[in-house]
Each structure stands twice: as C-alpha cells, then as structure tokens.
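# Topology and contacts: notes
Listed below are the residues making up each chain.
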Amino acid sequence: MTTDLRTERAADLPTVRPPRPRATFRARLGSSFAMFRNRKSITGLAILGFFVLVAILADVLAPYSPTKVDSAARLQPPSVEHWLGTTHLGEDVLSQVIYGTRGVIVVGFLAAIMATIIAVVVGVVAGYLRGWRSESLSALTNVFLVIPGLPLIIIVASMFDNPPLVVIAAVLGLTGWAWGARVLRAQTMSLRNRDFIQAARANGEPLHRIIGKEMLPNLMALIAASFVGTVTAAILGLTTLSYIGVIPVNTYNWGTILNWASAQGAFRQNQWWWFMPPGLCIAAIGVALSLINFGIDEYVNPRLRSAGERARAMRKRGLDVNDPVTAVRPATSAQERA
Amino acid sequence: MTAVQPQMPTQDALEVGTTATTAVKGRSRIPWRFLAGRAAFYLFTLWAAITINFFLPRMMKGDAVSQYLSRNRNVSPEAADALRSLLGLDTDKALLHQYVDYWGLLLRGDLGVSLLHGLRPVTEVISQALPWTVGLVGFATLVSFAIGTIGGGIVGWRRGSRLDGLIPVTTFLATIPYFWLGLLAIAVFSVNLGWFPIGKAYGVGMRPEWTAEFIGQVIHHGTLPAVTIVIASLGGWMLGMRNMMLTVLDEDYVMVAQAKGLPNKRVLWRYAARNAVLPQIQSFALSIGFIVGGTIVMEMVFSYPGVGKLLLDATNAKDYALMQGVFLVITLSVLVANILADIAYAFLDPRTRQTEA
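Numbering of residues starts from 1 in each chain and follows the order in which that chain's sequence is written. A letter from A marks each chain and a number from 1 marks each ligand, given out in the order of writing. Given that this is a predicted model, residues contribute local features only at a pLDDT of at least 70 and side-chain atom pairs are listed and counted only at 80 or more, while totals for whole chains, interfaces and linings are drawn from all residues. Computation of side-chain values: all heavy atoms of the structure, hydrogens and water removed.

## Digging into the overall build of chain B
Stated formally: Secondary structure counts use DSSP, requiring at least four H or I residues in a row for a helix and at least two E residues in a row for a strand, with both numbered from the N terminus. By definition in these notes, contact holds between two residues if any of their heavy atoms fall within 4.5 Å.
Each helix and strand counted, chain B has 15 helices and 2 strands in total. In chain B, once contacts between residues fewer than 6 apart in sequence are set aside, the share between residues at least 24 apart is 74%.

## Focus: the packing of aromatic side chains
Rule in force here: Within 6.5 Å between ring centres, the rings of Phe, Tyr and Trp (the latter by its six-membered ring) count as paired, and their orientation is classed by plane angle as stacked under 30 degrees, edge-to-face over 60, tilted in between.
Applying the stated criterion across every chain, the model contains 14 aromatic pairs over all chains. When the ring of A:Tyr243 is compared with that of B:Phe179, the centres are 4.4 Å apart and the planes differ by 5°; the resulting orientation is stacked. With one member in each of two chains, A:Tyr243 in helix α11 (residues 207–244) and B:Phe179 in helix α9 (residues 178–192) form a pair that bridges those chains. Each residue in the set A:Phe50, A:Phe51 and A:Trp254 is aromatic and connected to the rest through ring pairs, giving one cluster.

## Considerations on empty space enclosed by the protein
Gaps left between atoms are located by rolling a probe of water-molecule size over the structure's atoms. Residue and element names in this part refer to chain A. Here is the rule: For cavity detection a 1 Å grid was placed over the protein atoms alone, and a set of points counts as a cavity when a 1.4 Å probe fits there but cannot get out; an open set counts as a pocket when protein lies on both sides within 12 Å along at least five of seven lines, with lining residues being those that have an atom within 4 Å of a point. Grid points are joined across faces, edges and corners, and a volume is the space filled by probe spheres set on the points.
Throughout the structure, instances matching the rule amount to 3 cavities of 30 Å³ or more. Roughly 60 Å³ of volume is contained in the second largest cavity. In this structure, the second largest cavity is lined by Ile153, Ala157, Phe160, Pro163, Val167, Ile168, Val171, Leu172, Leu241 and Ile247. Those elements that provide at least two residues to the lining of the second largest cavity are α7 (149–157) and α8 (165–175). At 4 residues, the largest contribution of residues to the lining of the second largest cavity is made by α8.

## A few points about the packing of helix α7 (residues 122–157) of chain B against helix α13 (residues 307–317) of chain B
For any two helices packed against each other, one specifies the crossing angle of their axes together with the interaxial distance. Residue and element names in this part refer to chain B. What counts is decided by this rule: For every element, the axis is a line fit to its C-alpha atoms; helices are fit only across the contacting stretch, and the angle between N-to-C directions ranges from 0 to 180 degrees. Working rule for angles: under 35 degrees goes down as roughly parallel, over 145 as roughly antiparallel, 65 to 115 as roughly perpendicular, anything else as oblique. Residues were grouped as follows: Ala, Val, Leu, Ile, Met, Phe, Trp, Tyr, Cys and Pro as nonpolar; Asp, Glu, Lys and Arg as charged; and all remaining residues, including Gly, as polar.
Taken N-terminus to C-terminus, the directions of α7 and α13 make an angle of 135°; their axes are 7 Å apart at the nearest point. Here α7 lies oblique to α13, going by the angle between them. Counted together, Val125, Ile126, Ala129, Leu130 and Thr133 of α7 and Val307, Gly308 and Leu310 of α13 form the full contact between these two elements. Looking at side-chain class alone, the contact of α7 with α13 contains 6 nonpolar, 2 polar and no charged residues.

## Some words on the side chain of A:Ser242
Put simply, the test is: Distance and chemistry together define a polar contact, namely a pair of N or O atoms within 3.5 Å, with one atom able to donate a hydrogen and the other to accept it when in protein, and with adjacent residues in sequence counting only for side-chain atoms on both sides.
Structurally, A:Ser242 can be placed in helix α11. Looking at A:Ser242, its side chain comes within polar contact range of the side chain of A:Asn253, at 3.1 Å.

## Here we look at the pattern of salt bridges
To keep it simple, the criterion reads: The term salt bridge refers to a pairing of a side-chain nitrogen on Lys or Arg with a carboxyl oxygen on Asp or Glu at a separation within 4 Å. When a residue's accessible area, from a 1.4 Å probe over protein chains only, is under 20% of the maximum for its type it is buried; when over 50% it is exposed; and in between it is partly exposed.
A full pass over the atoms with the stated rule returns 6 salt bridges over all chains. Between A:Glu135 and A:Arg185 there is a salt bridge; the shortest N-O distance is 3.8 Å. Highlighted residues: A:Glu135 in helix α6 (residues 132–146) and A:Arg185 in helix α9 (residues 178–192), separated in sequence by 50 residues. You can call A:Arg185 buried: its relative accessible area is 17%. As a salt-bridge pair, B:Arg120 and B:Glu124 come within 3.2 Å of each other at their nearest N and O atoms. On the basis of relative accessible area, B:Arg120 is assigned to the partly exposed category, the value being 27%.

Printed below as a string of structure tokens:
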C-alpha cells in the first residue's frame, strides 16, 4: 500500500513544466488554456459566456426599454407580456435584468483586468527581486490587504456625483489587486530557485526575457485564478455599492434593481419576481466563476482531485484510506491497477 | 483504581520532548527580529491609513459645512465660518501645517465633532456604536471560522465520501451577495413567519441596561444577522481547510503517525489539522479587513446601530469628521485583530519564531 501511494504521488507532482521548445502557435495556445480543460471549468465558462452574450445582445433580447414606464401595469406578477413581472412604475423586470448584465460584466472585467495587471507587475517583480525592494513591495501589498476595502471604496465613490462605469471599475481594481500580488510573489519566489530559471540566468538571458518567457507561462494558472477571483470580488463590490446607493448609476445593473426593490418594500410585500431574478443572476455568475476557479485549483494542485478519486477507488475494494492498519490486498486488485 | 494499572513513566513524554526540544530549551529565545519586523509593518500601515484618512475629505467636492447649512437655514455666515475653523476646514493654512495639526489632534484623542449628531464629539458617537459591531460581527465571525475549519478538517479527512458534496453547497452560499441573503432572510423569517423582529439591535422603548429582558432582546434581534453572516462566510473557511487537509494528509509524517498505530482521532486533530490550520489563520488575519467591510452592508440591511451604519450616514451627509473617525477606528480594529492573529500564529507555528529570528 505504501509503495502504491508513493508512485501515484510522484505522478501528481510535475505540475509546472518548463516551456517546450519549438511549440507551434496552436500547441502553445492549447497549453495556455490547459487549466480550463476540465468539466468544472468548462461548465463555469459556459455560464459566464451566456451572461457575456446577454450583455452584448441586450438591445435585441430585451422586450422593452428598461426605463419604459407603464402606469397601467404596476407591480404585476409574471405574465405573458412581462415574463418577470413589473416594478412599481410598470417597468419590465426582465428587460432591467438583461440591461443590468452589461454594467456588471463591463465593471467586473475592467476592474479585474486593471487589478490583474497591477498584481502581476507588483507580485512578479517583488518575487524576483531580493532585499529591501522586494520587502517594500511586499509591505505595500500587505498594507492594501489590511486596509478595509469597502469603507474606502464607499468614501472614494462618494467623491463623484455620478461616476461613470470606468471610474467605478478603476476604484474596485485599485483596491482589489493585493491578494493576487501576494500569491504571485510567493510563487515567483519559489520559481526563482528552480533549475531552468538558474540556467536561463547563467546563459545571460536579459531580465525581461527571464520574466516574460520563462516565468510567466508557469504563472499563468495562478494569474488566471487571481483574475477570476477579482472578477467575482468586483461584481459583488459593484452590486453591493449600487444596492447601498453609493453609486447612483443611470445605467441599470443588478444592484440598482435590488436597491429600488428594497426601497419600494418589495421584500416586505413578497414581490418575489422583482427581487429574486437579480439576486439569482449574481449568484449564478458567482457560481460560474468559482467553478472556473475550482478547475484551475485542481489543475495547479492535482491532489485536490486525485485524493477523492483515490479514496473512492480504495473504498470500492473494501479499504479505508484512514485505516491505520495496512490491509493485505488480494493479488488480483493489484494486477488490475497495474 | 484497578490492580492492572500499567506502569507509567514518571515524567510525561510531552514534557520531556525529543532531542530537538532539549536543544531549543537551552536558550530561551525571544524572536526580536521577527517582532521588530511585524511592529515596523504595523506602524507603517497605521501611518498609511492615517495619511489616507487625512487626504480623503480634502479631495472631495463640497464641504460638510455647506451641506449642514443647506439643512439648517437659520445659520449666520459668521457661525458658518466658526464652524469651518472648528472642523479644521479653513483653507488658509498650508497643507503640511494642516497635516501636522491633524496629527496633534489625533494624538490627543480628539477626532473633532460630528455635525450629523448635534456637534457631539466623534469619539463619543463612535464609542456608542462600536460595541454593537464588535460584539455581533466578532462573535459571528469566530463561530463561522470555527465551524468552517473544523468542518473542512472533517471533510478533508473523509475525502471521497458523500461529505465532499458539502463543499459546492457552502461555496454557493458564499457567492450569493450578502445583502440579498440578508434581505431574503428578513422577508422569510421576519415578515412571513414572524419568528424574528425586523432589524434594530433591541426593541423600541428599551433602554440599554444589564437586565435579563434586555439581553434576551439583544439575542433575539441579533440572531438573524449573526446566522446570515455565518452562512455567507462559512464556505471560504471550509474550502480552504479542506484543500489544505488534502495536501497535508499526503505528507510523510501523517503516514508515520498512522504506521505507529496512533488512533485516527489523534492523527486527524494533532497531526493533520494542526498543520493544515496554519494557512487558515494567516488568511483569517488578512480577511479581517474584508469582514469589517461586510459589516457595513449587514448593518444597513438590518438597520443595526453599529459603526458601519455610522459610516454610511456620515458619507451621505458629508460629515467628514465622523467619516474620518469611523474609518480610523475600523482600520485600527483591523490592525489589532491582525496583531492578535499574528500572535496566535507564532504560538501555533514555531517555525515563524525560529526561521525569522
């Protein structure tokens, strides 16, 4: 049993491979998306893609204008004309949700792009350098981690009377990069001492090449994970801020709808068609993003997946992973595995 | 006492320890460099927070006094000027001078007066709100951390069993926006079922005092907010602990412990979980700022009289002194919580003390 575990574990380990020479463009493209090639990630990407499509095609999909007031149809429950009912002004909830997707997707991705760029630059540089420069970049990261983000965002956002989406995205991005930078710094520090980096340095490769060509490909999974994490945080941040009413956005997003629903007492009068869809949409996009991250996690650390599979396989053979007594297995099962 | 009691060694094995213990015991080590490094970091963060705090209101459009004037019409221009100098908003002084003044006031514990609360000192306003936030959020967060970590440990230990299904469920609950969860909870349990009161920390007409009735009211009002916080934050702790457990359970020392024939319980809690919990504590320290931010939303949803609600009200009314004070107190409490987590970490992981010292 002991040897059995050992060989399997050795198979788990090589997750970070040095880039292969002479990779064709297609092969390189394929290998840089390898972390998404599992069922969890693909499901997550599909859900996310659905919301992106809705955001792009909002004009075509929405049956009404999100602000079209219809005083004849106020607070209608779902019907054939209004699939998700209407608000207190007779606005169509479905159209508001569809148009609301735009703000959420745009801010989520913009903020995450900004945050990821900062995180990669600060994290990789801090991980590659040594001495006081590395320490001070790390201290800066920790300061941003420790300072409570949401109060700061509320205060900064209230500086603007009617902030455009880009500004909101920038504020969310500027306060959300620290976690990614911390993770990337740790990984870069461990990469720096690997053989292939040492070899590149000994060959006299310039710094930008070592970082760009040797290190970044090996950091891609972590960068993708921190990007996905920041999108989640930015979407939650945006909807929360809109709900609080700090951002009086004229373009609809899901948080704004919930703000109106809450202010008009929809939660106390059981107007579920008004407050359920936006909340479920946020949850759905959150689930999609965490599915993608689960997939990336299992790609980076295959034990997360294989541990469960191994335990299930052992149970099928009547063994318990946590059994302290090493069971002597019948020879047949050992041959089956081999 | 029975006759067959085994002969125990006179000294406890844990007390005697291994050869490494005796080697370390010789020198009593206080990790000065480690402590100094942490202290420098916290001082730097404190300085950064206070400086941000100083600049924030000065970057904003529209000042508190004009807001105040628009709400109270019968204030003379002289009174307005007096208010400005009272609030340190007179702009004839140089920025550096203002900054030095600000530090001076801060060190004397003077955070100014709150326009929103009838010119009462900011410290007084905050100290009334702080116990509510610290009590409720602190309690709920610790409960969530404990349940999540212990639960994650068990799920990791029983890997491959049906318990694995818990992880997606708790993760789903963690991706739901908190304010929506809170509003739903109010709609279901307060409005429709009537089990819990809607918002506020205690009933109307009650006076805060140490009586059984009042404490009962506080618990009754606090249940829903606390439970929603636990539900929303459980997923992260559980997932983190489970992932660490899966990694740690593959380590050689776990296998050695099992091979020695130690009972499963001891291997799980003393060997695997004790090592897996270390990154948990680090991420606990780092997520305190995030948790504190979350309380603002909680207090708004449940109209709970804590510091988060103060901050929101102050921001809306452009009451800068109160806003600055609240931000400062929030940052300070995050730093204190971080220091506590650091100490706990150093206790649990001797390597932090030894390698850095």
